[in-house]
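# A look at the structure
Residue-level listing of the chains:
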Amino acid sequence: MAQAFAKEESALPVPRAGRYRWLIVAVLFAATTVNYIDRTMLGLLAPTLGNELGWSENDYGNIVTAFQAAYALGFLLMGWLIDRFGPKIGYAIAISIWTIGHVAHGFASSVASFMLARIVLGVGEAGHFPSVVRASSEWFPQKERSYAIGWVNSATTIGVILTAPTIWLFMVWMGFNWRETFIYSGLFGVVLLLLWLWLYSNPRESGKVSEAELAWIEHDPPEQVQRLGWGAIVTKREAWAYAIGKFLTDPVWFLMLFWLPKYFSSTYNVDLKVVLLPMIVMYLLSDVGSILGGWVSSKLIQTGHSVNFARKVTMLGAGCCVLPLLFVSGLENMWLAVVLIGIALAGHQAFSSTILSIPPDMFPKRAVGSVIGLGGFAGGVGGMIMAKSTGLVLDATGGSYTVIFAACTVVYFIAVLAIHILSPRLTPVTVEAKR
């Protein structure tokens, strides 16, 4: 273990000249925000749509399941697509697909048509994180990459927070109905697509990167650049190290997104769709965790520690931040629960921004999208298992979240252990190109 966590002898300083790469982060931050607004809007409009269209609980459950299944399977397709065509074209395709799916909600009327719209949305949105990590691997060296990803990952909660104000903007201020809201909010995706095609390119091809910044971006050791096939990737332990980590930890985020409103409603008689302040506090804390986790991991590498040490120590620290969930169940003080859950969410996001940095650490750039896709698929499967298990546990315990929260605190440490067993040093792998 000590040898695996060895310290490097030197570390290059971060250059002061040239910051164009952070414009790419800003675009990806905006893209993440739009992605999560589009993803979350149906959940907030569900009561309105359910009353108007006569949905049962099972109907809405089928619509949600359609998205989750498409999102999980879409990772496999979109990860390959982004590796095949590169992030510029691959992400443009993903944005186009999810925007079409989002707008299609405005034309849906039956449960089946809403399921179809969610399927299209899920497939397109599955291309987001493979694109984010692939683009980050092109624009940021290993010493800085997790910090950049941390900033982008923090926008997931910004999107969730901004969904309610977005609905208010269209339905109250502009006077649109819910159908028009879905249709016209699709303009966010159109603007995003044009912005991406305009601003994104390879650092060397952009013509806007200084020599000093380009030298910083490209100072990592050279790697193979061939296109890689699934057959080569799935045989590597390192790919499954990432996938298992996502399988274990992604479900915690899905649990918080889908069950926190219900938990606060049943425990404190507070509707987070109406009283937004608790939700804002919790998710802003999670943003701090996302950025801080990425910064700590990058800072450790920049100060001379090995990538292996930096990533795993940061993930262990992030897992410790989730432990306050053990004390949430049964608390009478709602605001204390808000703070403890917010710290746990910060821990999750710190873990998430760090684990997203691992595939580029080990795999060539042309394989990163596929590896991220494999992990996203595993995380989606884990999320579906978590959703089903949560319902069964709540029914069996009379609505108690004690066991559920306790399970959430354990999975991060199991994930780090699994990653360490499968990839003790996080060293780059050699993958033969698919001919």
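Scroll up to find the structure this text is about.
Residues numbered from 1 in each chain as written. Predicted model: local features only at pLDDT ≥ 70, side-chain atom pairs only at ≥ 80, totals over all residues. Heavy atoms only, no water.

## So, the overall build of the chain
The condition that has to hold: We count a stretch as a helix when DSSP gives it H or I for four or more residues in a row; a strand needs E for two or more, and each element gets its number in order from the N terminus. The atom set for the radius of gyration is the C-alpha atoms, and the globule formula is 2.2 Å times the number of residues raised to the power 0.38. Contacts between residues were defined by any pair of non-hydrogen atoms, one from each residue, lying within 4.5 Å. Computed with a 1.4 Å probe, the accessible areas rest on the Shrake-Rupley method; for each residue, only the protein chains presented here act as cover. For the purpose of charge, His is not counted, nor are the chain termini; Lys and Arg are scored as positive and Asp and Glu as negative. Here the site of a charge means atom NZ of a Lys, CZ of an Arg, CG of an Asp or CD of a Glu.
A tally of helices and strands in the chain yields 17 helices and zero strands. Here the chain has a C-alpha radius of gyration of 21 Å; the compact-globule value for 435 residues is 22 Å, and the two agree. Overall size of the chain, expressed as C-alpha extent along the three principal axes, is 60 × 45 × 40 Å. For the chain, contacts bridging at least 24 residues in sequence account for 85% of all contacts bridging at least 6. When the accessible surface of the chain is totalled, it reaches about 17600 Å², and 67% of it is carbon and sulfur. Side-chain charges in the chain split into 29 positive and 25 negative, and the spacing between the mean points of these groups amounts to 6 Å.

## Overview of helix α1 (residues 20–53)
Filter applied, for reference: An expected span of 1.5 Å times one less than the residue number is assigned to each helix. One axis fitted to the seven residues ending at a residue, another fitted to the seven starting there: the angle between these axes is the bend at that residue.
The end-to-end C-alpha distance of α1, which contains 34 residues, comes to 48 Å, matching closely the 50 Å that a straight helix rising 1.5 Å per residue would cover. A bend of about 55° at A46 is the largest found in α1, and the proline P47 appears one to four places after it. Positive phi appears at G54, one or two residues downstream of α1, with a value of about 75°.

## Remarks on the nonpolar core
Defined as follows: Among buried residues, the Ala, Val, Leu, Ile, Met, Phe, Trp, Tyr and Cys ones that are joined through side-chain atoms within 4.5 Å form a nonpolar core. Buried means the residue's accessible area, taken with a 1.4 Å probe over protein chains only, is under 20% of the maximum for its type, while exposed means over 50%, and partly exposed covers the values in between.
Formed by 101 residues in total, the largest nonpolar core has its most connected members in W196, F264, Y283, L325 and I341. When sequence neighbours within four positions are dropped, the list of residues in contact with F264 reads N269, V270, L272, M282, M334, V338 and I341. Listed in part, the twelve residues of the second largest apolar core include M41, L42, A108 and F114.

## Remarks on helix α16 (residues 365–397)
Helix length check: α16, at 33 residues, gives a terminal C-alpha distance of 47 Å against a target of 48 Å (1.5 Å per residue), a fit within 8%. A positive backbone phi angle near 70° is found at G398, which sits one or two residues after α16.

## Observations concerning the side chain of R134
By the element assignment, R134 lies in helix α4 (residues 128–139). Classification of R134 by relative accessible area gives buried; the value is 4%. R134 has contacts with I82, D83, G86, P87, K365, R366 and V368, leaving out every residue within four places of it along the chain.

In short, geometric facts, not functional conclusions.
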